[in-house]
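Examining the three-dimensional arrangement
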Amino acid sequence: MISEMDKNLTKNEDDIDFKLFFSFLKRNKTIISIFSILFFLFACFYALRTKRIWEGQFEIVLNQNNGRRNSKGIDFSGLAQFTGIDVSSNSSNSQLTEKGILESPSVLMPILNFVNEEKSKLNSKHVDLSFIEWTKDKLFIDFKKKTAILQIFYRDTDKDLIIPVLNKLSNEYKEYSSKRKLDSLQFTKNYLKEQISLYKKNSFESIKKVQEFAIEQDLMALSMGGTNFNPFLNSNTNMQLNLNTQLPTSTERFNFNNNNLITNAGIEYVRVNAANEIKNLDLTINKLNNFSDSDNDGIVQFIGVTFPEIAQSDVFKALQVVQLSLADLNYKYHEIDPELVRTRDREKILINQVKLNTLNHLKALKVIAESKKEAATRPKEILIKYKNLVREASRDEKTLISLENELRAVNLEKSKLEEPWRLITEPTLGKNPVAPSRRKIGLFGLFLGLLSGIIISFLKEKKKGLIFEKSTLAKTLETEILDEVNLENKSLINYPNKIFLEDILKVENFDSIKFIVLGDKDISFFEDVIKNIFKKFTKFKIEKELIKLSNNENIIYLFSESVNYLELLKIKKILHKKSANIIGIITFN
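Residues numbered from 1 in each chain as written. Predicted model: local features only at pLDDT ≥ 70, side-chain atom pairs only at ≥ 80, totals over all residues. Heavy atoms only, no water.

1. With respect to the overall build of the chain
The helix and strand inventory of the chain stands at 20 helices and 12 strands. Taking all 589 residues of the chain together, the buried fraction comes to 38%. Residue pairs at least 24 apart in sequence account for 77% of intrachain contacts in the chain once pairs closer than 6 positions are excluded. If you sum the accessible surface of the chain, you get close to 35,600 Å²; carbon and sulfur atoms cover 53% of it. (Helix = DSSP H or I, 4+ residues; strand = E, 2+ residues; numbered from the N terminus. Buried < 20%, exposed > 50% of the residue type's maximum accessible area, 1.4 Å probe, protein only. Contact = heavy atoms within 4.5 Å. Areas by Shrake-Rupley, 256 points an atom, 1.4 Å probe, with all protein chains shown as cover.)

Structure follows, in structure tokens:
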């Protein structure tokens, strides 16, 4: 049984903090309630008097096209390459840029001025809002999560002002974005015109240098030398290449409009082409000489297929007529017929003449090819210098062409501007105010009143120096709490009377126990309870005057409600002088 009681005491000790707090609230419920009600009423009055804040909003979706090509398909990458300027309507960070523009003073200051003017009309004492204060407290701009939709919220106490402000904000941004784009394109256009003018002069000078150097070094003669000579001239020369030689790449070619100039790669090509042509001519001459005298048909067929210009000559045509006549005579006459013999002799003469004419033609072509090869041979220094001049002229010409193309693209872009954003919801006003929340203000006032009442009550008790709590009492008197008394049934709470007397007090002579009342309660408040507990012992005595106590008395304190701390110390000091045996404290709940 004692073990179970000990458990109950331990449980009570665990709950002591809550009990102390609720006991404190119960003692001071009047003060705390008054403060809570007053603060709550004041908060409600403040909430009713405070102007409500209304909110309006609209949404825009930003253009999500990325890359260097704008919505009309114009590619501005060349312009960025030559000028470092990006005139495309979008970039990777265009959305954040547009958001930054919408938040910038250049867009919002006219709207702030409009707000201050309207508020001044309604209230002559109105103090103009600063830009930072206005944008921080009243304007909110941000993206919807994971979208390109930008939400614009505006808050104000003036309900009728919100929609005009949102409309003005939308119009202001539209005008500003168009003006910004036009200014950017105009700046780019001016820049391109300046660069085009500069590169026209540079291109003219560089081409002039190439021409003069080419004339000086007889390179112009190379470029105009023959009908099947130079494959790098522009199409107006109508020159063709007959040999299957690998052409230079496009980066090695260089064409100026109607200017017969040849590149370094072209000069080397002429030399190599001429050398290959000489080899081919030598092989053809050897092939023709290797035909036997009896192989008349082979010679005629070879010359007719390989050299069309010889096949069109009068001698060759006469040979063909003789061969037709010979075929007819072979059919009609015997081989020793005089007419047939004369026709064969005539055929041999004509074949030899055609062969001779072909050899002479090939030797003439060889002489021309040798001349070309010799003419294309130049010192290394001349070729290097010419190569540098051609490269510079080519670079200037390509830059000029690119700049002119970019200028056309800018003019097209300027003719039709695309807005970087699109309004997807019209400015709307919320049906209900968004702030302040009257309920929150009322609850905050109630909480503040409750807290203030608790603090005031705590300070009041502290000032009076009263002790209400059993634990504090026991600690001050340096003793323990024996038990509590339930005033309803006038009995101990934790222990039966017998166990309390025999096991808890452990006093041999109960008649020697004296009871000392702590606090302002009258002795009669405690007598009935004490008599009920100690009814076997009739000689107990309850005292309030410590002077009547003898030395070495057995003392039990009786405590209810509160006791003054200084009075408690006084009692403790007196009993100490009388060498009293302090058994403990019985509290009255």
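2. Focus: the packing of helix α3 (residues 29-49) against helix α16 (residues 438-464)
Running from N to C, α3 and α16 point in directions that differ by 150 degrees, and their axes come no closer than 7 Å. Taken together, the axes of α3 and α16 are roughly antiparallel relative to one another. The handedness of the crossing between α3 and α16 comes out as right-handed. Looking at the contact of α3 with α16, its residues break down into 15 nonpolar, seven polar and two charged. (Axes fitted to C-alpha atoms, helices over the stretch in contact; angles between N-to-C directions. Parallel < 35°, antiparallel > 145°, perpendicular 65-115°, else oblique. Left-handed = near helix turned anticlockwise from the far one by under 90°. Nonpolar A, V, L, I, M, F, W, Y, C, P; charged D, E, K, R; others polar.)

3. Examining unusual backbone geometry
The linkage connecting Ala435 with the following residue, Pro436, adopts the cis geometry, with an omega of -10 degrees. Examined against the element boundaries, Pro436 turns out to sit in the loop between β4 (421-429) and α16. Even without glycine at this site, Glu561 takes up a positive phi of about 70 degrees. Since its relative accessible area comes to 52%, Glu561 is described here as exposed.

4. Re the nonpolar core
Within the largest apolar cluster, 26 residues are counted, with the highest numbers of intra-cluster contacts made by Leu102, Trp134 and Ile152. Elements that contribute at least two residues to this core include exactly β1 (54-62), α5 (94-102), α6 (105-122), α7 (131-137), β2 (139-143), β3 (149-156) and α8 (162-216). The element that contributes the greatest number of residues to this core is α6, accounting for six residues. Aside from chain neighbours lying at most four places away, what touches Leu102 is Ile60, Val107, Leu108, Ile141, Leu150, Ile152, Leu169 and Tyr173. Counting residues in hydrophobic clusters, the runner-up holds 22 residues, among them Leu492, Phe500, Leu501 and Val517. (Core = buried A, V, L, I, M, F, W, Y, C linked by side-chain atoms within 4.5 Å.)

5. A closer look at the sheet that holds strand β6 (residues 481-486)
Strand order across the open sheet formed by six strands is β7-β6-β12-β10-β8-β9, with mixed pairing between neighbours. Across the chains shown, the open sheet's two edge strands, defined by having one partner strand only, are β7 (491-492) and β9 (541-543). Here strand β8 (residues 513-518) pairs with β9 via three bridges, running parallel. Bridge pairing in β9 places Lys514 opposite Lys541. (Pairing = 2+ DSSP bridges.)

6. Some remarks on the pattern of salt bridges
With the rule as written, the count across this model stands at nine salt bridges. Lys144 is the salt-bridge partner of Glu59, the closest N and O atoms lying 3.3 Å from each other. Of the two residues, Glu59 is situated in strand β1 and Lys144 in the loop between β2 and β3; the sequence distance between them amounts to 85 residues. Of the charged contacts in the structure, one is a salt bridge between Lys470 and Glu484, with a shortest N-O distance of 2.8 Å. Here Lys470, found in helix α17 (residues 470-477), pairs with Glu484, found in strand β6; they are 14 residues apart in sequence, far enough to count as distant. On the accessibility criterion, Glu484 (17% relative accessible area) is buried. (Salt bridge = Lys/Arg side-chain N within 4 Å of Asp/Glu carboxyl O.)

7. A look at the pairing of β3
Pairing between β1 and β3: eight bridges, direction antiparallel. Residue pairing in the sheet places Phe58 in a bridge with Ile152 of β3. Examined bridge by bridge, β2 and β3 share five bridges and lie antiparallel to one another. The partner of Leu139 across the bridge, within β3, is Tyr154. In this antiparallel pair of consecutive strands, β2 and β3, the connection spans five residues, and Lys146 shows a positive phi of 60 degrees.

8. Digging into the packing of α17 against helix α20 (residues 565-577)
Between α17 and α20, whose axes approach to 10 Å, the crossing angle comes to 35 degrees. Two packed elements cross with a definite hand, and for α17 against α20 that hand is right-handed. Touching Leu473, Thr476 and Leu477 of α17 are Tyr565, Leu568, Leu569 and Lys572, all from α20. Of the residues in the contact of α17 with α20, the class split is five nonpolar, one polar and one charged.

9. Regarding the environment of Leu568
In this structure, Leu568 sits in helix α20. When the C-alpha positions of Leu568 and Gly519 are compared, they lie 8.6 Å apart, and in sequence the two are 49 residues distant. For Leu568, the contacting residues outside a window of four places in its chain are Ile467, Leu473, Thr476, Leu477, Leu518 and Val563.

10. Details of α17
Turning to α17, its buried residues are Leu473, Ala474, Thr476 and Leu477. Seen from one end, α17 has its buried residues packed into an arc of 165 degrees, which puts them on one side. (Arc of directions from axis to C-beta.)

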